[in-house]
2 protein chains.
Amino acid sequence: MNVSVSQVAAMIDHAILKPELTRTQVDADLALAAAYKIFCVCVRPSDISHAVSTLEGSGVAVGTVIGFPHGTTSTTAKVAEVIQGIADGAVEFDMVLNIGWLRSGMVAEVEADIRAVVEAAHGSLVKVILETAYLSDDEIVQGCRAAEAAGADFVKTATGFAGGGATVPHLKLMRASVSDAVQVKASGGVRSLDTLLEMLALGVTRFGTSATATILDDLAKRDAGEIGPGVIDERSY
Amino acid sequence: MNVSVSQVAAMIDHAILKPELTRTQVDADLALAAAYKIFCVCVRPSDISHAVSTLEGSGVAVGTVIGFPHGTTSTTAKVAEVIQGIADGAVEFDMVLNIGWLRSGMVAEVEADIRAVVEAAHGSLVKVILETAYLSDDEIVQGCRAAEAAGADFVKTATGFAGGGATVPHLKLMRASVSDAVQVKASGGVRSLDTLLEMLALGVTRFGTSATATILDDLAKRDAGEIGPGVIDERSY
């Protein structure tokens, strides 16, 4: 699979989500996102306005997270977050589903929670974070189906804060559990170019990472022949 | 310091906050809280209604968390969480302050965020979680002062999800940074009776823990003379 730096950049949501990040650290990440012309930054809700004004004219979209990272806030609170996020200028919403409910077999409640967020988003893109580290394969399938039934645009692996992240078996399972109308975003542990390319070949179309510079620099070097084809090319990506 | 089992139980907020807990696991913790007659359970927002109905008549209060665990949601979302929490029957609110703002010197913004939650709580108890693991001593002092200026009832150490927790130096600093009108809650790492008693001697008046059974069982055994006085009594607590 031959992909260019700009093609990969257009599939990256650059994550700026750690709770302890200062304004200065956030600004450095926003500048990086603009410099690499990545698709979208995924920022903390309280940073949306600042990110929107900072990135004005850069072509980088601003997304945010909802019910993050535990997914255990009330549906009312998730909806309030979306409404405030839209007002602040966010155009994509990565919501955490209610993990405890999913693990308790309360799938109808999970679906209703997602649907309320999708409706509040009024056509803005909604990605549903499953937090796969906590789920059985059966729960992953149920979570994916609930997300699609509720009208979500993406299913997404992880928050990056639960100790687990995107794995090839989970991504395959997620891709197989939704129709072509729903895309798959890999997040949590997407820290190298090889990992990203392996996941791309599985049908993943968006990548959440904070290792954006490493990934895109490595791809640029590989394209320039500065580093060998490596394992990835041997596998004929 | 001689304290009875019932006195310690009356200072415990039993934490039931992990995102992956099933309804069955939550129910087991609610039953434990009722059996030990602890003061309060601290539940996930989406569990409030269930906890209130389950604990009806038990004498155990139901509290919840706001902006948990990152503190980076918008003030609007935190207020929406409080309003929904009151509607669902919660009577205490443990909110996470905006850690990134505090670390960026945006103390006025931190205080305004807390004040909005305190006002929305309409007299219900508000505890402000600092997440001390991410803060310098100076930031801890500033966070404590902002919490008191904003009308909070407690300052609290940690969420339990940031890898750090309550330490003796941080608790001393927090106790010294607020007036007697503000209480201190220790949370994160309060997993043994000895730890709790040591913190109690520092002026801590509330303890957030999920090791409630261990702590109270150990105190009951000590009172019954089944275990020796140990290090604690030698230090004349």
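All of these numbers come straight from a predicted model, not from anything done at the bench.

Enquirer: Describe in detail the overall build of chain A, supporting the description with residues and values.
Expert: Check the secondary structure of chain A and you find 11 helices and 8 strands. Taking 237 residues into account, the globule formula puts the C-alpha radius of gyration at 18 Å, and chain A, at 17 Å, falls close to it. Principal-axis analysis of the C-alpha atoms gives chain A an extent of 50 × 40 × 30 Å. Buried residues in chain A amount to 56% of all 237 residues. Long-range pairs, those at least 24 residues apart, make up 68% of the contacts in chain A between residues at least 6 apart in sequence. Mean positive and mean negative side-chain charge positions of chain A (18 and 29 charges, respectively) differ by 2 Å.

Enquirer: Hey, could you go over the interface of chain B and chain A for me, with residue numbers and the actual values?
Expert: Contact residues are listed per partner, giving 30 residues for chain B and 30 residues for chain A. In terms of surface lost to chain A, no three residues of chain B exceed Pro19, His70 and Thr72 of chain B, which account for 22% of the buried area on that side. On inspection of chain B and its partner chain A, the count reaches 0 salt bridges. For the interface between chain B and chain A, the tally reads 12 residue pairs in polar contact (both at pLDDT 80 or more). Put simply, the parts of the chain that give the side of chain B that touches chain A at least two residues each are helix H2 (23-35), helix H4 (75-88) and helix H5 (99-103) of chain B. The dominant element in the side of chain B that touches chain A, judged by the number of residues it contributes, is H4 of chain B, at 5 residues. By residue class, the composition of the side of chain B that touches chain A is 13 nonpolar, 12 polar and 5 charged.

Enquirer: Give a description of the environment of isoleucine 129 of chain B that names residues and reports values.
Expert: All names here are of chain B. Tracing the backbone shows isoleucine 129 in strand E5 (residues 125-129). For isoleucine 129, a relative accessible area of 0% translates into the label buried. Each C-alpha atom of the pair isoleucine 129 and glutamate 20 lies 22 Å from the other, and the pair is 109 residues apart in sequence. If near-sequence neighbours (up to four positions away) are discounted, isoleucine 129 is found in contact with Phe68, Asp94, Met95, Val96, Leu97, Lys156, Thr157, Ala158 and Thr159.

Enquirer: Lay out the relation of the copies chain B and chain A in plain terms, naming residues and giving numbers.
Expert: Here chain B sits on chain A after a turn of 180° about the axis and a move of 0.0 Å along it, with an RMSD of 0.0 Å. Viewed as a symmetry operation, the transformation between the two copies matches a two-fold axis. Measuring from the rotation axis to each C-alpha of chain B, the shortest distance belongs to alanine 77 of chain B, at 3.0 Å. Of the interface residues in chain B, 100% have counterparts in chain A that sit at the interface too, so the contact is made through matching surfaces.

Enquirer: So, the packing of helix H6 (residues 107-121) of chain B against helix H7 (residues 137-149) of chain B: which residues are in play, and what are the values?
Expert: Residues and elements named next belong to chain B. At their nearest, the axes of H6 and H7 sit 8 Å apart, and the two run at 40° to each other. The angle between H6 and H7 falls in the class oblique. In this structure, H6 crosses over H7, and the sense of that crossing is right-handed. On H7, the residues that touch Val107, Val110, Glu111, Ile114 and Arg115 of H6 are Gln142, Ala146, Ala147 and Ala149. A per-class count over the contact of H6 with H7 returns 6 nonpolar, 1 polar and 2 charged.

Enquirer: An account of the sheet that holds strand E4 (residues 92-96) of chain B is requested, with residue identities and associated values reported.
Expert: Residues and elements named next belong to chain B. Taken in spatial order, the 8 strands close into a barrel running E1-E2-E3-E4-E5-E6-E7-E8, and their pairing is parallel. Pairwise comparison of adjacent strand axes, ignoring direction, gives a mean angle of 25° for this sheet. Alignment of strand E2 (residues 40-43) against strand E3 (residues 61-66), held across 4 bridges, turns out to be parallel. Considered in E3, the bridge of cysteine 40 is made with alanine 61. Packed on one face of the sheet, helix H8 (residues 168-177) meets strand E6 (154-156) and strand E7 (183-187) and runs near 160° to E7.

Enquirer: Provide a residue-level description of the state of the cysteines, including the pertinent values.
Expert: Inspection of the entire model under this criterion finds 0 disulfides over all chains. Considering cysteine sulfurs only, cysteine 42 of chain A is the nearest to cysteine 40 of chain A, which forms no disulfide, with 6.7 Å between them.

Enquirer: With reference to specific residues and values, describe the side chain of aspartate 88 of chain B.
Expert: Residue and element names in this part refer to chain B. For aspartate 88, the location among the structural elements is in helix H4. Nearest to the buried, unbridged aspartate 88 among oppositely charged side chains is arginine 23, at 10 Å. With near-sequence residues (within four places) excluded, aspartate 88 lies in contact with Pro45, Ile48, Ser49 and Val52.

Enquirer: Go over the nonpolar core, please, and point to the residues and values.
Expert: Residues and elements named next belong to chain B. By size, the foremost hydrophobic cluster in this structure holds 71 residues, and its most contacted members are Val41, Ile114 and Phe207. Considering every element that reaches this core, the biggest residue donor is H6, with 6 residues. The contact partners of valine 41, leaving out residues within four places of it in the chain, are His14, Ile16, Leu30, Ala33, Leu55, Val60, Ala61, Val62 and Gly63.

Enquirer: Give me the packing of aromatic side chains: which residues, what numbers.
Expert: One pass over the structure, following the stated rule, counts 2 aromatic pairs over all chains. Judged by centre distance (5.7 Å) and plane angle (90°), the ring pair of phenylalanine 68 of chain B and phenylalanine 161 of chain B falls under edge-to-face. You can see phenylalanine 68 of chain B sitting in the loop between E3 and H4 and its partner phenylalanine 161 of chain B sitting in the loop between E6 and H8, a full 93 residues away along the chain. Sitting over the ring of phenylalanine 154 of chain A, lysine 127 of chain A keeps its end group 6.0 Å from the ring centre.

About the cut-offs
- Residues numbered from 1 in each chain as written.
- Chains lettered and ligands numbered in written order.
- Predicted model: local features only at pLDDT ≥ 70, side-chain atom pairs only at ≥ 80, totals over all residues.
- Heavy atoms only, no water.
- Helix = DSSP H or I, 4+ residues; strand = E, 2+ residues; numbered from the N terminus.
- Rg over C-alpha atoms; globule rule 2.2 N^0.38 Å.
- Buried < 20%, exposed > 50% of the residue type's maximum accessible area, 1.4 Å probe, protein only.
- Contact = heavy atoms within 4.5 Å.
- Lys, Arg positive; Asp, Glu negative; His and termini not counted.
- Charge placed at Lys NZ, Arg CZ, Asp CG, Glu CD.
- Buried area = accessible area lost by both parts, 1.4 Å probe.
- Salt bridge = Lys/Arg side-chain N within 4 Å of Asp/Glu carboxyl O.
- Polar contact = N/O pair within 3.5 Å; in protein donor to acceptor, adjacent residues only side chain to side chain.
- Nonpolar A, V, L, I, M, F, W, Y, C, P; charged D, E, K, R; others polar.
- Least-squares fit on C-alpha atoms with pLDDT ≥ 70 in both.
- Axes fitted to C-alpha atoms, helices over the stretch in contact; angles between N-to-C directions.
- Parallel < 35°, antiparallel > 145°, perpendicular 65-115°, else oblique.
- Left-handed = near helix turned anticlockwise from the far one by under 90°.
- Pairing = 2+ DSSP bridges.
- Disulfide = S-S within 2.5 Å.
- Core = buried A, V, L, I, M, F, W, Y, C linked by side-chain atoms within 4.5 Å.
- Phe/Tyr/Trp six-rings, centres within 6.5 Å; stacked < 30°, edge-to-face > 60°.
- Lys NZ or Arg CZ within 6 Å of the ring centre and 35° of its normal.

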